[in-house]
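# Fold and contact review
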Amino acid sequence: MAPAITLAAEAPKLSAANTGFMLICSALVMLMTPGLAFFYGGMVRVKSTLNMLMMSFVSLGIVTVLWVLYGFSMAFGTDSGSLIGWNSDWVGLGNIGLTELWDGYTIPVFVFLVFQLMFAIITPALISGALADRVKFSAWALFITLWATVVYFPVAHWVWGAGGWAFELGVIDFAGGTAVHINAGAAALGVILVIGKRVGFKKDPMRPHSLPLVMLGAGLLWFGWFGFNAGSWLGNDDGVGALMFVNTQIATAAAMLAWLAYEKIRHGAFTTLGAASGAVAGLVAITPAGGAVTPLGAITVGAIAGVLCAMAVGLKYKFGYDDSLDVVGVHLVGGVVGSLLIGFFASGKGQSEVEGLFYGGGLTQFWKQCAGVFAVLAYSLIVSAILAFILDRTIGMRVTEDDEIAGIDQAEHAETAYDFSGAGGGAAKTAAVAAAVAGAQSKKVDA
């Protein structure tokens, strides 16, 4: 009888289909940062529009360079103590082969790293919405550099890096509920507690200057989020990415409707700002959970997030913290809700066999989710507050009160978002138009 032959498992081969799919997903996630810029830019007063756009756009430049130099290595390199990664071959990305595959997958390392780069870019940009109207652009750029280095890169390793403590514990975060949204939301809260409120907070009208711009931004975010979520499975071979795609649409729709229903009952109107905010709340909440829940579970997650986030945005008036564009109320609360509900609604039929409480799995996964959620929340809040405190006491985080009142666009960028000189009629008419706009804004009552 011939000796038995043991066949080794066939090594993964580069998949052109998965590679192309992931490159498209990377481009979609990149589009989310300009989408966020428009979303935030429309929500601020006209005198802060450009600054809000720039606070998102600059992240594209800063984080890209950091990722190449050391960020990718820190987030996904060889684990050290379950807290941080490092791989000297990845520093500068000079020692990565063109067809070298990401371990266990059918896509090149370059594709994985550029996809994750887009996550690293948008996360600090999310924080900026809480700081509208009052932060020096130079201080913000330095904050992004420091925050990405000491907060985002380590947290990404905890959650997604092989050997990271949350990854090894079994915390489920399909696409960034903890690493992105809770991380950014907690950071936003930490910073605003240090730098304080805007001039006129709770006194002056601070309504969005362009709701169409807000809706455009929300639409771009919704579109790009399909790449953000479905792409996080890193391939398209077993249907899990398709489940995530479907659940992303479902939860977002449910959250938007739930927010609008709450808004109608509570305030008597269906607003466009509510529709946009509800959609984003649903996108945030389904981000960690979409690969683990069924479509009906996605409706539940989205609806719960829509209502709770709508309720949470008003807390800033009750507790007195000035979260300008509701980053805490939407991203922190939405991320917490989506992450914790995995412990109840995980079906065991998606990304893994893990079952939540309502599917017979008990509370084991819920407690794991709690560990991930509250560890990231505490770390990001505390470290972000410390970074803001150091910057505020050294170079100063805030513009002067005069510059804030006059408009941060002109003070920090020497530009304005809208030029009325082309309206005709010369300087006098331009001044009259500007005065009319300012007068109309002063008569508005804050939402």
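Note that the structure is predicted; figures quoted are calculated from it, not measured.

### Observations concerning the overall build of the protein
- Of the regular secondary structure elements, the protein holds 16 helices and two strands.
- Rg of the C-alpha trace for the protein: 23 Å, near the compact-globule value of 22 Å for 447 residues, within the 12% margin.
- Projecting the C-alpha coordinates of the protein onto the three principal axes gives extents of approximately 100 × 50 × 40 Å.
- Looking at the protein residue by residue over its 447 residues, the buried ones come to 54%.
- Approximately 18,100 Å² of the protein is accessible, and the part contributed by carbon and sulfur atoms is 67%.

### A few points about the nonpolar core
- Formed by 129 residues in total, the largest nonpolar core has its most connected members in Phe 72 and Leu 131.
- In terms of residues, this core owes the most to one element, helix 4 (residues 137–160), which gives 16 residues.
- Among residues more than four places away in sequence, those in contact with Leu 131 are Met 55, Trp 140, Val 191, Ile 192, Ile 195 and Ser 324.

### Section: the pattern of salt bridges
- Evaluated as defined, the whole model comprises seven salt bridges.
- For Arg 45, the salt bridge is made with Asp 133, and the minimal N-O distance between the two is 3.1 Å. With a gap of 88 residues between them, Arg 45 in the loop between helix 1 (16–43) and helix 2 (49–76) and Asp 133 in the loop between helix 3 (109–127) and helix 4 connect regions that are remote in the sequence.
- Here Asp 322 makes a salt bridge to Arg 198, at a shortest N to O gap of 2.8 Å. With a gap of 124 residues between them, Asp 322 in the loop between helix 11 (315–319) and helix 12 (327–345) and Arg 198 in the loop between helix 6 (177–195) and helix 7 (211–230) connect regions that are remote in the sequence. The same class applies to Asp 322 and to Arg 198, which are both buried.
- Within this structure, Arg 45, Asp 133, Arg 134, Arg 198 and Asp 322 form a network of salt bridges that share partners.

### Looking at helix 4
- Considering bend angle alone, the principal kink of helix 4 is centred on Ala 148 and spans about 45 degrees.
- Here helix 4 lies mainly inside the structure; 19 of its 24 residues are buried.

### Looking at a nonpolar patch on the surface
- On the surface, a cluster of nonpolar side chains totalling about 510 Å² of accessible area is made up of Leu 357, Phe 358, Tyr 359, Leu 363 and Trp 367.
- Positionally, Leu 363 belongs in the loop between helix 12 and helix 13 (364–394).

### A word on the confidence of the model for the protein
- Looking at the protein as a whole, the pLDDT averages 93, with 92% of positions reaching at least 70.
- Scored below 50 in pLDDT, residues 1–8 makes zero contacts in the model with residues more than four places away or belonging to other chains.
- Throughout residues 426–447 the model reports pLDDT below 50, and contacts reaching past four residues in sequence, or to other chains, amount to 19 contacts.

### Focus on the packing of helix 8 (residues 240–267) against helix 9 (residues 272–289)
- Helix 9 packs onto helix 8 with a crossing angle of 140 degrees between their chain directions and a minimal axis gap of 7 Å. Comparing their axes, helix 9 and helix 8 come out oblique. Of the two possible hands of crossing, helix 8 and helix 9 adopt the one that is right-handed. Residues Met 244, Asn 247, Thr 248, Ala 251, Thr 252, Ala 255, Met 256, Trp 259, Leu 260 and Glu 263 of helix 8 lie in contact with helix 9, whose contacting residues are Gly 274, Ala 275, Ser 277, Gly 278, Ala 279, Ala 281, Gly 282, Leu 283, Ile 286 and Thr 287.
- Residues that form the contact of helix 8 with helix 9 fall into these classes: 11 nonpolar, eight polar and one charged.

### Observations regarding the packing of aromatic side chains
- All chains considered together, the criterion is met by 29 aromatic pairs.
- Between Trp 90 and Trp 102 the ring centres are 5.8 Å apart and the planes differ by 40 degrees, which places this aromatic pair in the tilted class. Pair noted here: Trp 90 is in the loop between strand 2 (84–86) and helix 3 and Trp 102 is in the loop between strand 2 and helix 3, with a separation of 12 residues, a long-range link.
- Trp 90 sits in the buried class, given a relative accessible area of 10%.
- You can call Trp 102 buried: its relative accessible area is 15%.
- Aromatic side chains Trp 147 and Tyr 152 sit 6.5 Å apart centroid to centroid with 35 degrees between the ring planes, which places their arrangement in the tilted category.

### Comments concerning unusual backbone geometry
- A positive phi is found at Ser 82, a non-glycine position, where the angle reads about 65 degrees.
- Secondary-structure assignment places Ser 82 in the loop between strand 1 (78–80) and strand 2.
- Of the residues examined, Ser 82 reaches a relative accessible area of 26% and is grouped as partly exposed.
- Of note in this structure, Ala 414 is not a glycine but carries a positive phi near 55 degrees.

Calculation rules
Residues numbered from 1 in each chain as written. Predicted model: local features only at pLDDT ≥ 70, side-chain atom pairs only at ≥ 80, totals over all residues. Heavy atoms only, no water. Helix = DSSP H or I, 4+ residues; strand = E, 2+ residues; numbered from the N terminus. Rg over C-alpha atoms; globule rule 2.2 N^0.38 Å. Buried < 20%, exposed > 50% of the residue type's maximum accessible area, 1.4 Å probe, protein only. Areas by Shrake-Rupley, 256 points an atom, 1.4 Å probe, with all protein chains shown as cover. Core = buried A, V, L, I, M, F, W, Y, C linked by side-chain atoms within 4.5 Å. Contact = heavy atoms within 4.5 Å. Salt bridge = Lys/Arg side-chain N within 4 Å of Asp/Glu carboxyl O. Bend = angle between axes of the 7 residues up to and from the residue. Patch = residues over 30% accessible without salt bridge, like charges linked within 9 Å, V, L, I, M, F, W, Y side chains within 5 Å. pLDDT = per-residue confidence, 0-100. Axes fitted to C-alpha atoms, helices over the stretch in contact; angles between N-to-C directions. Parallel < 35°, antiparallel > 145°, perpendicular 65-115°, else oblique. Left-handed = near helix turned anticlockwise from the far one by under 90°. Nonpolar A, V, L, I, M, F, W, Y, C, P; charged D, E, K, R; others polar. Phe/Tyr/Trp six-rings, centres within 6.5 Å; stacked < 30°, edge-to-face > 60°.

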